[in-house]
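Examining the three-dimensional arrangement
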Amino acid sequence: MVEVPKLNPFNPNFPVHPGMFVGRLGEILRLESYLLQTRSDQPLNFLITGERGIGKSSLMNYLIFVASGEIPVDDTEFKFLVIDTDIDQSTTRLGLLKKIELGLEKELGKTEKARKFLSFTWAFLQRVEAGGFRLKSAEEAEHDQTLLDRFAYSLAETVERVCSPAESMDMFNANYDGLLILVDEADNSSEELQLGSFFKLLMERLQRRGCGKVMVGLVGLNQLRDVLRESHPSSLRMFDDIQLGRLTDEEVNRVIDSCLQKANLDNQVPTSIDEEARDLLVALSEGYPHFIQQFGYSAFMADQDDTIDRQDVINGAFGGGGALELIGDRYYRNDFYNKIQKESYRQVLRIMADNLDGWVTKKEIRAKFKGKDSLLSNAIKALRDRHIILSKEGTRGVYRLQHKGFALWIKVYTTDPAAIESSVNLDADDDRS
Ligand SMILES: Nc1ncnc2c1ncn2[C@@H]1O[C@H](COP(=O)(O)OP(=O)(O)O)[C@@H](O)[C@H]1O
Ligand SMILES: [Mg+2]
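Residues numbered from 1 in each chain as written. Chains lettered and ligands numbered in written order. Predicted model: local features only at pLDDT ≥ 70, side-chain atom pairs only at ≥ 80, totals over all residues. Heavy atoms only, no water.

1. Examining helix 11 (residues 275–285)
An α-helix turns once every 3.6 residues. As a result, residues three or four positions apart point the same way. Turning to helix 11, its buried residues number three or more, namely Ala277, Arg278, Leu280, Leu281, Val282, Leu284 and Ser285. Buried positions along helix 11 lie against helix 10 (249–266), strand 6 (272–273), helix 12 (289–302), strand 7 (307–308), helix 13 (310–318) and helix 18 (404–413). Immediately downstream of helix 11, the backbone of Glu286 shows phi near 50°, a positive value. (Buried < 20%, exposed > 50% of the residue type's maximum accessible area, 1.4 Å probe, protein only. Helix = DSSP H or I, 4+ residues; strand = E, 2+ residues; numbered from the N terminus. Contact = heavy atoms within 4.5 Å.)

Spelled out as structure tokens, the structure:
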């Protein structure tokens, strides 16, 4: 019999499908209450923030399903019009307006009547574009305001239409609860875009037009808060901040369960996992959704006999092209090689990595550090400033690495120049003897 390769249920590279989404119950309840509020004209805007790989885009995705009614909530079913988009460094204001307008067109432009209405209501944006109009910060600020005014006007007009029971059925074949605008990767916003003031002005204008059914969610790394604050000091206040943390061990176990369950639906030969392997996966993943997906993926791939055991997890994690190397390339390499340019800094990280993510005192580091005291102090300060190491609150001179994975990666995948040197010397000794 020819062996059919199994479909791997773990998915380290994409937001998780809502059907396999685990945890975040409190966050989801909060988001649902915001939808309820917005539906009754008291819109609430929010941020979803957290580290890379913590599950922000996945939560946003889940919310899209809830808001659009694909996942019912208790006894209500929402029907929001959802625009989901993202931005990068080069996104201009006009670019963002255009993205939102395109999103509306895509969702709504399903009947001839609707298309007519949209093209009439949004004609100004086409004209702006055709004129090769570009927004430069200062001198075009005035134009900018006008543009935002007109945008708010058209948006209010559209939302009013899609939410009014009689008209909307006739025109769009659907009646909506409101509009949810989601912007992923929002921390990427350029200074020129002024994301905070953009949404503050937009929401103010919508309110002035009596449009209370638009809610905005921005998703991004923790520095998103700084991006908003720098753009407009009070813009932060208009967003409720939902900060994502790690999953609990129990939740990580559920991720493993739901993935294996899926595998056993997809594949003819079922896969199981033994206790030891499961415990090791949970330990390696440290509560990071991305890590559990990656270590799980690699263990599943390493397995040959339909039972994932400890050795499969180890082979998948630590081999060449293994999970830890992939995770390191994604999350650690830049910290280790680009954010710090001095070998002495890396030496400190290597010393600390001996304790994994446990606390280490400066005294302990000094005992192993080769170099002057001042060099060590500089290194520690630089690593702290760059958030590569954490210092213990209320105690001086006690530090740790953020993740065990970072420590493991340093030990397994980075080469210590001192070690190379001593091994070269050893070889030379051998030659002489
Ligand atoms: N709640 C969850 N349950 C299961 N897997 C998740 C969950 N959240 C995220 N993941 C997985 O973790 C990885 C990173 O998730 P993602 O949403 O892309 O994170 P972020 O946007 O914060 O970088 C993906 O592989 C995704 O499938
Ligand atoms: Mg993301």
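Don't stop here, the text continues.
2. Details of the packing of aromatic side chains
Applying the stated criterion across every chain yields a total of 12 aromatic pairs. Seen in terms of ring centroids, Trp122 and Phe151 are 5.3 Å apart; in terms of plane orientation they differ by 65°. Their pairing is edge-to-face. One end of the pair, Trp122, is in the loop between helix 4 (112–121) and helix 5 (123–130); the other, Phe151, is in helix 6 (residues 141–163), and 29 residues separate them in sequence. Residues Trp122 and Phe151 agree in their burial class; the two are buried. A centroid spacing of 5.8 Å and a plane angle of 90° characterise the contact between Phe336 and Trp409, whose relative ring orientation is edge-to-face. Residue Phe336 is located in helix 14 (residues 323–338), and its partner Trp409 is located in helix 18; the two are separated by 73 residues in the primary sequence. There is no split in this pair, since Phe336 and Trp409 are both buried. (Phe/Tyr/Trp six-rings, centres within 6.5 Å; stacked < 30°, edge-to-face > 60°.)

3. Some details on the pairing of strand 10 (residues 398–401)
On strand 10, burial covers both faces: Val398 and Arg400 on one face and Tyr399 and Leu401 on the other are all buried. Pairing geometry for strand 8 (residues 360–361) and strand 10, over 2 bridges, is antiparallel. Bridge pairing in strand 10 links Thr361 to Val398. Where strand 9 (residues 389–391) folds back onto strand 10 in an antiparallel hairpin, the turn is made up of 6 residues, including Gly394, whose phi is positive at roughly 75°. (Pairing = 2+ DSSP bridges.)

4. Comments concerning the packing of helix 14 against helix 18
In the contact formed by helix 14 and helix 18, the axes pass within 10 Å of each other and the chain directions differ by 90°. For the element pair helix 14 / helix 18, the angle class is roughly perpendicular. Facing helix 14, whose interface residues are Leu324, Glu325, Gly328, Asp329, Tyr332, Arg333, Phe336 and Tyr337, helix 18 presents Gly405, Phe406, Leu408, Trp409, Ile410 and Tyr413. Residues belonging to the contact of helix 14 with helix 18 are distributed by class as follows: 9 nonpolar, 2 polar and 3 charged. (Axes fitted to C-alpha atoms, helices over the stretch in contact; angles between N-to-C directions. Parallel < 35°, antiparallel > 145°, perpendicular 65-115°, else oblique. Nonpolar A, V, L, I, M, F, W, Y, C, P; charged D, E, K, R; others polar.)

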